[in-house]
Amino acid sequence: MGFPLRWSMLAATVALAIPTLGCHRSGGAPAPASLLRADKAEGQSTNTATSVASSEATSIRFVERTSGAGIEWTYRNGEEAGRFAILESLGGGVGVIDFDGDGWEDLYFTGGGRFSGERELAGWPGGLFRNGGEGTFQVATEPAGLNQPGYYSHGATVADYDQDGFSDLLVTGYGGLQLWRNQGDGTFRETAQAAGLTDNSWSSSAAWGDLNGDGALDLYVTHYVNWSFENDPFCAAPAPHEREVCPPRTFEPLPDTLYFSRGDGTFWDGSRHAGLLSTGKGLGVVLCDLDLDGDLDVYVTNDTVENFLYENTGDGKLADVSLLSGTALSDRGTPDGSMGVDLFDFNRDGLPDLWIVNYERESCALYQNAGKLLFRHVSQPLGITAVGGMYVGWGTACFDMDLDADEDIFVSNGHVIRYPTNAPLRQRPLVFENEGGKRFRNVAEQAGEYTRAPHMGRGIALSDFDGDGDLDLAISHTNEPATLLANETPRTGHWLAVRLIGTRSARDPIGAVVRVVTANSSQVRHLRGGGSYASTSTRLLHWGLGADSAVDRVEIRWPSGVRQTIVGPAVDAVLHVIEPIND
């Protein structure tokens, strides 16, 4: 669709801003309003969708390009051993990483693992696929040095942690972390132990971000439950089956870990210093400045126990405001089985809202930000609950699929147990079209063959893999081939993308807030750490411009506190912005 744009040819169209002065049951000052408070959408609707899959027309279309793109990958969880371990339920994720620095974003899929003996686990290596241009990929795992099995893996978290200009890769899983440092020559070297990432607990997701304001990226790691070969109880299955995967309530939680960077590529465990809670069963995490006070806050999704919201109070200290914020529990006042997480400004009021996907017989949770870390659960009035409770949600992403100047939602679904009785094992994804911030409707039935079919969905990640100006999807499944979905929504409007490069802030300036102002809209995006489930999307910030054909200005608040305005950038282009060295 559209018109492919090779990154190598963007010199004529890209504006460069030069630094200038000025799971399952059974520290800075607040930013000015001119930057962070966008125009309020026209009221709040209480309309709800009337059907699980709307019969109203939609332009949103996704087309599977996996085989044609050269991607062949399957995450394997080892269920063929017949162990029925809860370890098998989490699945894997996908990381978007431009590992060779050619401007085309590549893909890394985690591999999972197997039961190699009666009381032994072995990991499968992950798969690296190099984007050769316009969404065609070649296998690069072995030449990059990533064909080593390591631990039983789940998540892929990408950032330039050592600030050398090359994106690095962290892999979570059972037994420990793997930190693959990008050597800058197309190869990686595993450095977790040398870097001080000595965590050997069962980790699921992770997020990078500068939590203490020193200009270096820290690392938040979520942990799940205390399953082990020694703690592997028998759980009965519904007849006529004998055994089933045990629910998370059978196990005790594992505390999360926060690693602070020393600024030299090594880390220290600052979990106690930060004040982390020890009661979570973590599956997802996102880092973002939720209260717009200039530092990163932390939101953690937990399975069957309260979700966590930490307010950053400065110097790396995190205050638990989970219950006070209204984001710890469902709209019924009970904990959900929460997995995937993302954030977006669904109603364009300038405040980042939280989006959580949950277990069957629970609603996806949209928490509307009312300011000052207070949120309201608005899934029911906005039509989210109309899809019913048949879904077990995992990876999720909020982005403007149809370039109409509001952000839509994609959810990847799939069950976690072998013999579910309340919902199917393989499940359709959800595609929520945002109707001007007033309601959402599920248009999966109309959005393409993939979205009409059931899958064992897990992690998802976004990028413009084919360079045509809209965002595509990479999706990991459990024991089912991965999928690359091209966004083929008919082009009716213009777009803008922004790539930020930090100088005073971290080179990956997670926590930056960018506002794009046009004649008819004002839209804010946050460069966040983490999100989705066990996955990492592009660091490119992306806007659909709706009816507007020009951008008046782009306003940036960097994590360092520096503010920058760019007037009249070209549309249908990627704007590369370097943080000013001086105020």
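This structure is a prediction, so every number in the text was calculated from the model and none was measured.

Calculation rules
Residues numbered from 1 in each chain as written. Predicted model: local features only at pLDDT ≥ 70, side-chain atom pairs only at ≥ 80, totals over all residues. Heavy atoms only, no water. Helix = DSSP H or I, 4+ residues; strand = E, 2+ residues; numbered from the N terminus. Rg over C-alpha atoms; globule rule 2.2 N^0.38 Å. Buried < 20%, exposed > 50% of the residue type's maximum accessible area, 1.4 Å probe, protein only. Lys, Arg positive; Asp, Glu negative; His and termini not counted. Charge placed at Lys NZ, Arg CZ, Asp CG, Glu CD. Pairing = 2+ DSSP bridges. Axes fitted to C-alpha atoms, helices over the stretch in contact; angles between N-to-C directions. UniProt positions renumbered as here; feature names shortened; annotations may be inferred. Polar contact = N/O pair within 3.5 Å; in protein donor to acceptor, adjacent residues only side chain to side chain. Contact = heavy atoms within 4.5 Å. Salt bridge = Lys/Arg side-chain N within 4 Å of Asp/Glu carboxyl O. Phe/Tyr/Trp six-rings, centres within 6.5 Å; stacked < 30°, edge-to-face > 60°. Lys NZ or Arg CZ within 6 Å of the ring centre and 35° of its normal.

### So, the overall build of the chain
Looking only at helices and strands, one finds six helices and 41 strands in the chain. Against the 2.2 N^0.38 benchmark of 25 Å for 583 residues, the chain shows a C-alpha radius of gyration of 22 Å, consistent with a compact globule. Over its C-alpha atoms, taken along the principal directions, the chain stretches across nearly 65 × 55 × 50 Å. Across the 583 residues in the chain, those meeting the buried criterion constitute 64%. Charge centroids of the chain, computed over 43 positive and 77 negative side chains, lie 3 Å from each other.

### A look at the sheet that holds strand β7 (residues 127-133)
An order of β3-β4-β7-β8 is seen for the four strands of this open sheet, with the pairing classed as antiparallel. Two strands bound the open sheet, and with one partner strand each, they are β3 (94-97) and β8 (136-139). Strand-to-strand twist across the sheet, computed as the mean angle between neighbouring axes with direction ignored, equals 25 degrees. Relative to β7, strand β4 (residues 106-109) runs antiparallel, the two sharing three bridges. For F109, the partnering residue across the bridge sits in β7 and is G127.

### Quick notes on the UniProt feature "domain: ASPIC/UnbV" (unreviewed entry) in the chain
Listed under "domain: ASPIC/UnbV" (unreviewed entry) in the UniProt record, and renumbered for this structure, are residues 510-575. Along residues 510-575, the helical share is 0% and the strand share 44%, with 17 Å between the first and last C-alpha atoms.

### Thoughts on the sheet that holds strand β36 (residues 522-526)
Taken together, four strands build an open sheet; the order of strands is β36-β35-β39-β40 and the sheet is antiparallel. Where the open sheet ends on each side, the last strands, each with one partner, are β36 and β40 (563-567). Neighbour-to-neighbour, the strand axes of the sheet open up by a mean angle of 15 degrees, direction not taken into account. Note that strand β35 (residues 513-517) and β36 share five bridges and pair antiparallel. When the sheet's bridge partners are listed, R515 is paired in β36 with V524.

### A word on the side chain of D160
Examined against the element boundaries, D160 turns out to sit in the loop between β9 (152-159) and β10 (168-174). Note on D160: relative accessible area 2%, which makes it buried. Among the polar contacts made by the side chain of D160, one reaches the main-chain amide nitrogen of D164 at a distance of 3.2 Å. Each residue touching D160, except ones within four places of it in the same chain, is listed here: G165, F166, S167, D168, L217, R507 and D508.

### Re the pattern of salt bridges
In total, this model carries 25 salt bridges according to the counting rule given. Ionic pairing is found between R130 and D102, a salt bridge with its closest N-O pair at 3.3 Å. Placement of R130 in strand β7 and of D102 in the loop between β3 and β4 is noted, with a sequence separation of 28 residues between them. You can call R130 partly exposed: its relative accessible area is 31%. Look at D102 and you get partly exposed, because its relative accessible area is 27%. Put simply, R525 and E407 hold a salt bridge, and the shortest N to O gap is 3.4 Å. With R525 in strand β36 and E407 in the loop between β27 (393-399) and β28 (408-413), this pair connects stretches of sequence that are 118 residues apart. Side by side, R525 and E407 carry an identical accessibility label, which is buried.

### A word on the packing of aromatic side chains
Taken as a whole, this structure holds 22 aromatic pairs when the rule is applied. Taking the centre distance of 6.4 Å and the plane angle of 80 degrees together, the rings of W73 and F129 count as edge-to-face. Here F129 lies in strand β7 and W73 lies in the loop between α2 (66-69) and β3, a separation of 56 residues in the sequence. Residues W73 and F129 agree in their burial class; the two are buried. Taking the centre distance of 6.2 Å and the plane angle of 50 degrees together, the rings of F346 and F440 count as tilted. Taken together, the positions of F346 in the loop between β23 (341-344) and β24 (353-356) and F440 in strand β30 (residues 440-442) put the pair 94 residues apart, joining distant regions of the chain. Joined through ring pairs, the aromatic side chains of F115, Y174, W202, Y224, W227 and F229 make up one cluster. The lysine or arginine in question, R76, covers the ring of W124, its NZ or CZ lying 3.7 Å from the ring centre. The ring of W124 carries R114 above its face, with NZ or CZ at 5.2 Å from the centroid.

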